[in-house]
Amino acid sequence: TKDNGRNGYTFFAPSMNVSAHKQLKVLTDLRRAIERNELVLHYQPKFAAPDYHLAGVEALLRWQHPELGLLSPASFIPLAERSGLIIALGEWVLEEACRQMRAWQDEGRAVPSVAVNLSPLQFSSPTLVGMVRDVLVRHRLEASCLTLEITETTAMRDAETSLDILDQLTLMGVHIAIDDFGTGYSSLLYLKRLPATELKIDRAFIRELESNPEDAAIVASIVALGKTLNLRVVAEGVETAGQREHLRRLGCDVYQGYLLGRPVEAGQLARTPLDAMPL
Ligand code: C2E
Ligand code: CA
Ligand code: CA
Ligand code: CA
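Residues numbered from 1 in each chain as written. Chains lettered and ligands numbered in written order. Predicted model: local features only at pLDDT ≥ 70, side-chain atom pairs only at ≥ 80, totals over all residues. Heavy atoms only, no water.

**Q** Got a minute to help me understand the overall build of the protein chain in this structure?
**A** Looking only at helices and strands, one finds 11 helices and 9 strands in the protein chain. Expected size for 279 residues packed as a compact globule is a radius of gyration near 19 Å; at 19 Å, the protein chain falls within 12% of this value. Along the first, second and third principal axes, the C-alpha atoms of the protein chain reach 50 × 40 × 40 Å. Across the 279 residues that make up the protein chain, the buried fraction comes to 51%. When contacts within the protein chain are restricted to residue pairs at least 6 apart in sequence, long-range pairs at least 24 apart make up 67% of them. Summed over all atoms, the accessible surface of the protein chain reaches about 13300 Å², with 54% contributed by carbon and sulfur. Where the 29 positive side-chain charges of the protein chain centre and where its 35 negative ones centre are 3 Å apart. (Helix = DSSP H or I, 4+ residues; strand = E, 2+ residues; numbered from the N terminus. Rg over C-alpha atoms; globule rule 2.2 N^0.38 Å. Buried < 20%, exposed > 50% of the residue type's maximum accessible area, 1.4 Å probe, protein only. Contact = heavy atoms within 4.5 Å. Areas by Shrake-Rupley, 256 points an atom, 1.4 Å probe, with all protein chains shown as cover. Lys, Arg positive; Asp, Glu negative; His and termini not counted. Charge placed at Lys NZ, Arg CZ, Asp CG, Glu CD.)

**Q** When you look at the coordination of the calcium ion (ligand 4) in this model, what are you seeing that I'm missing?
**A** Each pair of donors in an ideal octahedron of six around a metal sits at 90 or 180 degrees, and each pair in an ideal tetrahedron of four sits at 109.5 degrees. At 2.5 to 2.7 Å from the calcium ion (ligand 4) lie its protein donor atoms, namely Asp180 (OD), Asp202 (OD) and Glu236 (OE). Summarised as a motif, the one-chain spacing of the donors to the calcium ion (ligand 4) is D-x21-D-x33-E. Classification of Asp202 by relative accessible area gives buried; the value is 12%. (Donors = N, O, S within 2.8 Å, 3.2 Å for Na, K, Ca; no water.)

**Q** Can you walk me through the packing of aromatic side chains in this structure?
**A** Where two aromatic rings form a pair, the distance of their centres and the angle of their planes describe that pair. Applying the stated rule across the entire model yields 3 aromatic pairs. A centroid spacing of 5.4 Å and a plane angle of 55° characterise the contact between Tyr52 and Tyr255, whose relative ring orientation is tilted. With Tyr52 in the loop between β1 (39-48) and β2 (53-65) and Tyr255 in strand β9 (residues 254-255), the pair connects residues that are 203 residues apart, well separated along the chain. For Tyr52, a relative accessible area of 4% translates into the label buried. Relative to Phe76, the ring of Trp63 lies with its centre 5.5 Å away and its plane at 85°, an arrangement referred to as edge-to-face. You can see Trp63 sitting in strand β2 and its partner Phe76 sitting in the loop between β3 (69-71) and α2 (77-83), a full 13 residues away along the chain. Like Phe76, Trp63 is buried. (Phe/Tyr/Trp six-rings, centres within 6.5 Å; stacked < 30°, edge-to-face > 60°.)

**Q** Where do I start with the coordination of the calcium ion (ligand 3) in this structure?
**A** Distances from the calcium ion (ligand 3) to its protein donors, Asp179 (OD), Asp180 (OD), Glu236 (OE) and Glu236 (OE), fall within 2.1 to 2.8 Å. The sequence pattern formed by the donor residues of the calcium ion (ligand 3) is D-D-x55-E. A separation of 3.7 Å is found between the calcium ion (ligand 3) and the calcium ion (ligand 2), both of which receive a donor from Asp179. With Asp179 in strand β6 (residues 175-181) and Glu236 in the loop between β8 (232-235) and α11 (241-250), this residue pair connects regions lying 57 residues apart in the sequence. Exposure class is identical for Asp179 and Glu236. Each is buried.

**Q** What exactly am I supposed to notice about the pattern of salt bridges here?
**A** Oppositely charged side chains can pair when the atoms bearing their charge come close. The final tally for this structure, using the stated rule, is 15 salt bridges. Asp106 is the partner of Arg102 in a salt bridge, and the nearest nitrogen-oxygen pair spans 2.6 Å. Of this pair, Arg102 and Asp106 both sit in helix α3 (residues 86-106), separated by 4 residues, roughly a single helical turn. Relative accessible area serves as the criterion here: at 55%, Asp106 is assigned to the exposed category. The partner of Glu245 in a salt bridge is Arg248, with the nearest N and O atoms 2.7 Å apart. You can see Glu245 and its partner Arg248 sitting in helix α11, 3 residues apart, about one turn around the helix. Note on Glu245: relative accessible area 21%, which makes it partly exposed. Judged by relative accessible area, Arg248 falls into the partly exposed class, the value being 41%. If you follow the salt bridges from partner to partner, you end up with Lys46, Glu58, Glu149, Glu198, Lys200 and Arg232 in one network. (Salt bridge = Lys/Arg side-chain N within 4 Å of Asp/Glu carboxyl O.)

**Q** Looking at this structure, I do not really get the environment of Asp51. What am I missing?
**A** You can see Asp51 is positioned in the loop between β1 and β2. Sequence spacing of Asp51 and Ile86 is 35 residues, and the spatial spacing of their C-alpha atoms is 37 Å. A distance of 2.6 Å separates the side chain of Asp51 from the side chain of His53, its partner in a polar contact. (Polar contact = N/O pair within 3.5 Å; in protein donor to acceptor, adjacent residues only side chain to side chain.)

Right, here's the structure in full:
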């Protein structure tokens with residue numbers, strides 16, 4: 001049930017039929033992971049056109065498990081979500097990302113914003129807005145340097161409540177990104193009302209952008225839609241120069257992917273894309 005994939009972390013997929021016993025062990029271990037300091041955030045840069053400057057970073061959770069190695073979030077986030085443990089985990093992530101942001105600012109490093117992923121349960125938690133306000137105050141951070149990423153599906157679940165929470169966060173000055181866009185079912189009417197600042201095109205549409213005309217057409221319309229709604233359009237999973245060029249021609253605003261920079265530890269963050277590119 002274990003293999004070290006190309007990301008260098010151990011990966012459990014539900015299809016691998018991980019035994020219930022192992023899942024229970026993972027859950028028990030996860031409860032202790034926070035206090036044992038086994039969780040770590042990696043940061044992936046996002047670069048903005050036209051000059052590919054660092055627009056911000058996305059915080060991505062990893063778990064350094066004492067026996068199983070470095071675990072991908074896909075192998076424990078769903079379990080954390082089902083068990084409710086995601087609330088404590090999510091608080092740790094927000095706290096750590098803001099602590100790191102404060103450290104970057106104190107070092108004089110220009111990281112304009114940090115993005116944190118919110119799970120559906122976290123997003124619907126009544127303590128979310130207060131917690132966000134509190135963590136920003138404690139680390140003396142401008143709300144505008146925090147972006148919260150919620151998936152299209154999460155935002156759609158209870159449309160009216162979501163709008164209310166998003167309004168409160170936006171009023172505070174926090175930025176909102178709609179993640180994995182194109183994989184959910186949001187209506188254009190709803191999207192129009194969402195106080196979001198960023199639209200992230202799911203990697204699934206970027207992968208075959210160059211060879212699949214349907215994907216190319218979908219991406220073109222998402223970029224156009226984003227522009228119409230005045231949203232910053234971010235492409236995730238950009239792996240090739242060809243994909244980047246294609247996206248640039250479409251007018252995509254921000255690029256995230258292995259081509260430009262993989263998720264790395266805070267100290268390893270590059271200021272410019274790894275891949276030197278003609279402007
Ligand atoms: P996501 O929010 O869509 O994050 C992007 C994922 O794509 C990350 O996987 C990232 O490492 C990966 N990625 C980035 N560029 C490329 C690329 O060019 N090619 C490929 N093949 N992959 C790329 P990761 O870090 O394994 O995270 C997976 C998912 O786990 C995330 O998807 C997000 O939904 C969730 N997640 C990660 N951290 C957190 C967290 O702190 N809280 C919550 N609730 N969810 C998290
Ligand atoms: Ca995300
Ligand atoms: Ca995403
Ligand atoms: Ca995705």
